[in-house]
Amino acid sequence: MVSNTAPATEAAPTSLWKHRDFLKLWVGYSTSQFGAQITVVAMPLVAIIVLGASEAEVGTLGAVGRLPFLLFLFAGFWADRFRKRPTMIAADIGRAVLLLAVIGLYAADMLTLFWLGAISFLSVALFVFFEVANMSHLPFLVGREFIGDGNAKLQLSNSVARVAGNSVGSVLVNAFIAVQVLIVNVVTLVVSAIICALIRKPEPVPERSEDRPGVFSSIAEGLRWVLRDPLIRPSVIAAGFYMFFFTGIEVLLPLWVIKGLGLPGYWVGILLAIGGPGAILGSLLAVRSMKKIGIGPSFFWMTVIGNLSLFLIGLATGPTWLLVTMIGLAQFLLGITGPIAMVASGTLRMGATPERLQGRVMASQRAVALSLAPVGALLMGLLAEGIGLRTTLLICAAGAVIPIIVLALSPIPRTKGMPDPQEH
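For clarity, every value in this text was computed on a predicted model and none was experimentally measured.

Reading the values: the criteria
Think of each chain on its own: its residues are numbered from 1, step by step along the sequence as written. Two thresholds apply to this predicted model, a pLDDT of at least 70 for residue-level local features and 80 or more for giving and counting side-chain atom pairs, whereas whole-chain, interface and lining totals are computed over all residues. For side-chain calculations, the full set of non-hydrogen atoms in the structure is used, while hydrogens and water are omitted. Each helix is a run of H or I in the DSSP string that is no shorter than four residues. Each strand is a run of E no shorter than two, and both are numbered from the N terminus. Residue burial is assigned from relative accessible area. The probe radius is 1.4 Å, only protein chains are included, and a residue is buried under 20% of its type maximum, exposed over 50%, and partly exposed in between. We call two residues in contact whenever any of their non-hydrogen atoms come within 4.5 Å of each other. Values of accessible area rely on a 1.4 Å probe in the Shrake-Rupley scheme; residue burial ignores everything except the protein chains shown. For our purposes a nonpolar core is just a set of buried Ala, Val, Leu, Ile, Met, Phe, Trp, Tyr and Cys residues, chained together by side-chain atoms within 4.5 Å. A residue's pLDDT is the predictor's confidence in that residue, given on a scale from 0 to 100. Pairing of aromatic side chains here covers Phe, Tyr and the six-membered ring of Trp, requires ring centres within 6.5 Å, and sorts the geometry by plane angle: under 30 degrees stacked, over 60 edge-to-face, intermediate tilted. Lysine and arginine charges are scored as sitting over a ring when NZ or CZ, respectively, is within 6 Å of the ring centre and within 35 degrees of the ring normal. For helices, the fitted line uses only the C-alpha atoms of the stretch in contact; every axis is such a line through C-alpha atoms, and the angle between N-to-C directions lies from 0 to 180 degrees. Geometric relationships in this document are graded by angle, where less than 35 degrees denotes roughly parallel, more than 145 denotes roughly antiparallel, 65 to 115 denotes roughly perpendicular, and other angles denote oblique. Charged residues are taken to be Asp, Glu, Lys and Arg, nonpolar residues to be Ala, Val, Leu, Ile, Met, Phe, Trp, Tyr, Cys and Pro, and polar residues to be all remaining types, Gly included. For this analysis, a salt bridge means a side-chain nitrogen from Lys or Arg found within 4 Å of a carboxyl oxygen belonging to Asp or Glu. Crossing handedness follows the turn of the near helix against the far one: under a right angle anticlockwise gives a left-handed crossing, and clockwise gives a right-handed one. Like-charged residues within 9 Å of one another, or nonpolar side chains (Val, Leu, Ile, Met, Phe, Trp, Tyr) within 5 Å, are grouped into patches, provided each residue has over 30% relative accessible area and no salt bridge.

(A) Layout of the overall build of the protein. Counting its regular elements, the protein contains 17 helices and zero strands. Among the 424 residues that make up the protein, the fraction classed as buried is 55%. When contacts within the protein are restricted to residue pairs at least 6 apart in sequence, long-range pairs at least 24 apart make up 89% of them. For the protein, the accessible surface area stands at approximately 17400 Å², while carbon and sulfur atoms represent 69% of it.

(B) Focus on the nonpolar core. Membership of the largest hydrophobic core comes to 58 residues, with the highest contact counts inside it found for L252, W256, L310 and I313. Of all the elements, helix α9 (residues 232–260) adds the most residues to this core, at ten residues. Aside from chain neighbours lying at most four places away, what touches L252 is M380, G381, A384, L389, T392 and L393. Counting residues in each nonpolar core, the second largest holds 34 residues, with A75, V128, I199 and A363 among its members.

(C) Inspection of the confidence of the model for the protein at higher detail. Of the residues in the protein, 90% reach a pLDDT of 70 or more, and the chain-wide mean stands at 82. When mean pLDDT is compared element by element in the protein, helix α17 (residues 402–408) scores highest at 96, while helix α6 (residues 147–175) scores lowest at 71. Considering only residues more than four positions removed or in separate chains, one finds that residues 1–9, a stretch of pLDDT under 50, has 16 contacts.

(D) Focus on the environment of L372. Within the secondary structure, L372 sits in the loop between α14 (358–370) and α15 (373–387). For the pair L372 and F69, spaced 303 residues apart in sequence, the C-alpha to C-alpha distance is 9.2 Å. With residues near it in sequence (within four places) discarded, L372 still touches G240 and F244.

(E) Highlighting the packing of aromatic side chains. Scanning all chains against the criterion turns up nine aromatic pairs. With 5.1 Å between their ring centres and 10° between their planes, Y242 and F246 make a pair best called stacked. Residue Y242 and its partner F246 are located together in helix α9, separated by four residues, close to a single helical turn. Between F244 and F245, the ring centres sit 4.8 Å apart and the planes meet at 85°, which makes this aromatic pair edge-to-face. Note on F244: relative accessible area 15%, which makes it buried. Residue class for F245 comes out buried when judged on its relative accessible area of 12%. Here the guanidinium or amino end of R95 rests over the ring plane of F130, the centre of that ring lying 5.1 Å away.

(F) Inspection of the packing of helix α8 (residues 215–228) against α14 at higher detail. Where α8 contacts α14, the axes come no closer than 8 Å and their chain directions differ by 70°. One finds that α8 runs roughly perpendicular with respect to α14. Contact residues: S218, I219, E221, G222, L223, W225 and V226 in α8; R360, V361, S364, Q365 and V368 in α14. For the contact of α8 with α14, a count of residues per class yields six nonpolar, four polar and two charged.

(G) Spatial organisation of the pattern of salt bridges. In this structure the tally under the stated criterion is three salt bridges. Note that K153 is salt-bridged to D149, the shortest N-O span being 2.8 Å. Placement of the pair is K153 and D149 together in helix α6, with a separation of four residues, close to one helical turn. When its relative accessible area of 24% is taken as the criterion, D149 is described as partly exposed.

(H) Spatial organisation of unusual backbone geometry. The phi torsion at D109 lies on the positive side, around 60°, for a residue other than glycine. Along the chain, D109 turns up in the loop between α4 (84–107) and α5 (113–142). Judged by relative accessible area, D109 falls into the exposed class, the value being 72%.

(I) Spotlight on the packing of α9 against helix α10 (residues 266–293). α10 packs onto α9 with a crossing angle of 125° between their chain directions and a minimal axis gap of 9 Å. In terms of axis orientation, α9 runs oblique to α10. Classified by chirality, the crossing of α10 by α9 is right-handed. Where α9 abuts α10, its residues L253, P254, V257 and I258 lie against W267, V268, L271 and L272.

(J) Expanded view of a nonpolar patch on the surface. Taken together, I93, V97, V190, I194 and L198 make up a surface patch of nonpolar side chains, about 420 Å² in accessible area. On the secondary structure map, V190 appears in helix α7 (residues 178–197).

Okay, structure coming up:
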């Protein structure tokens, strides 16, 4: 088992603000997330504006871009079997190369929906390995006592990136062609890889033994833990339903804004950015919320508020100011509730999981939850082409009520403190 303590030559940090290695991880992660959020704005507009994708094609691209979520299971095995930091560095560099390929294909007048989908698939696959390695590396790097605080700070980076990245992305897309804007993400990925390489805490190579289980046995062990744990299982089921329906809203939102509501393309980035201030506030309040009302209640009640706000998107109607207000309010509520729910959910998972299983349990949770995302993207894209965008968005919002019911029937709303790992 890997020790969570600092090296003997250094005094253990009393807070994450004094934890140099965590600060490096945090800065690198924040830089990468800023660039990624610019790509979130630019990439769909490449398909819609540059390549003229239809509703069904946008849904198909969304599904292809989410198929690598199925690799979370193998990524978890990889994270528990090999060192995590080299995986993170390689994934950053690989994604930078793939985004350069999109820019190069466009410059050569060879960019098509096929190539955009293929590169998106590979890029997300590398992101999966980065995400699993990063999140399972956190408990080792900071220790059990700082897990909640570390999760909150990383979530704060996501939130700030949404504000800055989406805002900057909207401005850049208006000033340049959407494809050219991807170069910003290339730079941030390279910076992230360099900073990650500067982390000093040595990461031991996982022990090798003759009798250690193979890849499928290791994956099965992580899945069994997820499906048997009374706290992790309902959160996975709820996340699966949420991702199925929310992904439909996510991939259709640019089309809804541009084609359904007739707003200029720059409103996509602006509306996404409106959720940013709420996300920053939610990230700052995550630890306080868990201390005030408990970890499980924070997860549950933020899910209730955030999921119900999705109805505002499909119900948006009227003059421009009202459309923007309704969708913007939904984004703001999702922004403030999402970070609190995710930090609380991640803290519950890390607390309930033995260190030897951190990578596989995290990956199994993501794989089971996110496996329905590509299906949701594809089906909702096809459904929108058949029955219309508004009706499809309202169906998605109604489906997001299911996770609320799942969590309400579980022990999560009554779990206030940090759980201890239990053998199953």
